[in-house]
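# Report on the structure
The lines below spell out each chain.
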There are 2 protein chains.
Amino acid sequence: MHIVCLDLEGVLVPEIWIAFSEAVGIPELKKTTRDEPDYDKLMQYRLDILAKNNMKLSDIQKVIATLNPLEGAKDFLDELRSKTQAVILSDTFSQFAKPLMQKLGWPTLFCNELVVSGDGSVTGYKLRQKDGKKKAVQAFHSINFKVMASGDSYNDLSMILEADAGALFRAPESIKEQHPAVPAFTTYKELLDAVDRFLSE
Amino acid sequence: MHIVCLDLEGVLVPEIWIAFSEAVGIPELKKTTRDEPDYDKLMQYRLDILAKNNMKLSDIQKVIATLNPLEGAKDFLDELRSKTQAVILSDTFSQFAKPLMQKLGWPTLFCNELVVSGDGSVTGYKLRQKDGKKKAVQAFHSINFKVMASGDSYNDLSMILEADAGALFRAPESIKEQHPAVPAFTTYKELLDAVDRFLSE
């Protein structure tokens, strides 16, 4: 019994905060964990900007609904789901991901949640747990799944290294150089071929 | 963070072995765990009948591809997946379920696997683990999900009782009488209403 765990942003959809900042024309929202390594600080900074621009969750979702999955992502995911089980493990928020999940055909997504007040304002966020990607792989192992994991970022390495098979996908050169033993792919075709090898092992 | 675990047969699709036996006109395949409580014996009996009728996996899948999800099941599942995460926990085999999963839009399915030989004959089966439904709920709990579970049969009770919220769905009277504390529904509308209450708790 096999399962493939995929990162979301950069693998199936664009980086949501960056695409969102471009769609609404708020360049301050492009700041990422590379610029501000303290995640709590970064999120508070983002929530303050949303509040300052008087953007409620529904406004944000309307903008995100104009975004699209990466080219070929839906076909890739459909083919993957016809071969084996797939779950998306992401650090994003379910309310942000939702319009994109609909376009991807409602794959299962394990992620985090925004806290939304009665008037629809985004007032905070809740992580399901720390290092949630790695712990999800461990949970799948605990119920006898063989796990393959793929993602593009530093925060995907713990799940990739925990899994029985792993691959970087469209990762920056720096990560690839630091982990030469992890296969690195740039096309969905290569990733599906690696899934086929994983399934036949 | 919430997740809903659903039984497959009787909840979203017909009982696969029964529908299959009717589609191919082999009434002996209607025997269930009610007639033969020893599951290994029952499965060997079924595999022997498949072999006797010279049915390879591809033949079986062609027949199963003519079956359809229960009326309203796809719409129900799409609406459920727009509200929260959903995973199907089933004792069926991935290769049997596949044509029906396609019709349901590839929901995530945790189940068992048939062993298929090089010439496509079904030679055996592999359970992922014993009491797999309950253990999947425990695994979701271990990664901080709140879990709701619903099913129609005796083999669903352990996951329903393990979950934070549970409901019987189109269950026989006998099971409902033995578990009067578990809500029992017959329509997808009732089940979705129960999901809404679970999500707002």
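Just above sits the structure.
The shown structure was predicted, so the numbers you read here are calculated from the model rather than taken from an experiment.

Turning to the relation of the copies chain A and chain B, a few remarks are in order. Mapping chain A onto chain B calls for a rotation angle of 180° and an axial translation of 0.0 Å; the resulting RMSD is 0.0 Å. Accordingly, the operation relating the two chain copies is best matched by a two-fold axis. When C-alpha distances to the rotation axis are compared across chain A, the minimum falls at A:A139, with a value of 2.7 Å. A high fraction, 100%, of the interface residues of chain A reappear at the interface in chain B, so the copies pair face to face through one surface.

A separate point is the pattern of salt bridges. Should the charged atoms of two oppositely charged side chains come close, the side chains can pair. Residues and elements named next belong to chain A. Taken as a whole and assessed by the stated rule, the structure comprises 19 salt bridges over all chains. A salt bridge links E22 to K30; the shortest N-O distance between them is 3.4 Å. Judged by its relative accessible area of 36%, K30 falls in the partly exposed class. For K189, the salt bridge identified is with D193, shortest N-O distance 2.8 Å. Here K189 and its partner D193 are both found in helix α9 (residues 188-200), 4 residues apart, which amounts to about one turn of the helix. Judged by its relative accessible area of 57%, K189 falls in the exposed class. Because the salt bridges share partners, they merge into one network encompassing D7, K133 and D156.

Residue and element names in this part refer to chain A. Among all positions of helix α1 (residues 16-24), only I16, W17, A19, F20 and S21 are buried. If you follow the buried residues of α1, they end up packed against α2 (39-52), α3 (57-64), β2 (85-93) and α5 (94-103). Taken from the residues just after α1, G25 is the one with a positive phi, measuring 70°.

Regular strands show a simple pattern: their side chains alternate between the two faces of the sheet. Residues and elements named next belong to chain B. For strand β1 (residues 2-6), the buried fraction is high: 5 of the 5 residues fall into the buried class. As paired elements, β1 and strand β5 (residues 146-151) share 5 bridges and run parallel to each other. Bridge pairing links I3 to V147 in β5. Across 4 bridges, the pairing between β1 and strand β2 (residues 85-93) is parallel. Pairing of V4 across the sheet is with A86, part of β2.

Quick look at the environment of B:F169 now. Residues and elements named next belong to chain B. In this structure, F169 sits in strand β6 (residues 165-169). For the pair F169 and D196, spaced 27 residues apart in sequence, the C-alpha to C-alpha distance is 16 Å. If we skip the residues at most four places from it in the chain, F169 touches G10, V11, S150, G151, D152, F185, T186, T187, Y188 and L191.

Turning next to the sheet that holds strand β6 (residues 165-169) of chain A. Residue and element names in this part refer to chain A. Pairing is mixed in the open sheet, where 7 strands are placed in the order β4-β3-β2-β1-β5-β6-β7. Where the open sheet ends on each side, the last strands, each with one partner, are β4 (122-126) and β7 (184-185). Relative to β6, strand β5 (residues 146-151) is paired through 4 bridges, and the arrangement is parallel. Each bridged residue has a counterpart across the sheet, and for S150 the counterpart in β6 is A167. Running over the sheet, helix α4 (residues 73-83) touches β1 (2-6) and β2 and is turned about 160° from β1.

Our focus in this paragraph is unusual backbone geometry. Positive phi, close to 50°, is recorded for A:R170, a residue that is not glycine. Summarising the element assignment, A:R170 is placed in the loop between β6 and α8 (173-178). Here B:W106, not a glycine, exhibits a phi torsion of approximately 55°, which is positive. Along the polypeptide, B:W106 turns up in the loop between α5 (94-103) and β3 (108-116). Judged by relative accessible area, which is 12%, B:W106 ranks as buried.

Among the residues of helix α6 (residues 132-142) of chain B, B:G132, B:K133, B:A136, B:V137, B:A139 and B:F140 are the ones counted as buried. Burial along α6(B) is one-sided: seen end-on, the buried residues are contained in an arc of 160°.

At the junction of the two partners, chain A supplies 31 residues and chain B supplies 31 residues. Around 2,400 Å² of area is buried between chain A and chain B when both sides are counted, 60% of it from carbon and sulfur atoms. Together, A:M1, A:W106 and A:I143 form the three largest contributors to the area buried by chain A at its contact with chain B, with a combined 28%. In this structure, the connection of chain A to chain B is made through 0 salt bridges. Secondary structure elements with two or more residues in the side of chain A that touches chain B: β1, α4, β2, β3 (108-116) and α6 (132-142) of chain A. The leading source of residues in the side of chain A that touches chain B is β3(A), at 6 residues. A breakdown of the residues in the side of chain A that touches chain B according to their chemical character gives 15 nonpolar, 9 polar and 7 charged.

Rules and cut-offs
- Residues numbered from 1 in each chain as written.
- Chains lettered and ligands numbered in written order.
- Predicted model: local features only at pLDDT ≥ 70, side-chain atom pairs only at ≥ 80, totals over all residues.
- Heavy atoms only, no water.
- Least-squares fit on C-alpha atoms with pLDDT ≥ 70 in both.
- Contact = heavy atoms within 4.5 Å.
- Salt bridge = Lys/Arg side-chain N within 4 Å of Asp/Glu carboxyl O.
- Buried < 20%, exposed > 50% of the residue type's maximum accessible area, 1.4 Å probe, protein only.
- Helix = DSSP H or I, 4+ residues; strand = E, 2+ residues; numbered from the N terminus.
- Pairing = 2+ DSSP bridges.
- Axes fitted to C-alpha atoms, helices over the stretch in contact; angles between N-to-C directions.
- Arc of directions from axis to C-beta.
- Buried area = accessible area lost by both parts, 1.4 Å probe.
- Nonpolar A, V, L, I, M, F, W, Y, C, P; charged D, E, K, R; others polar.

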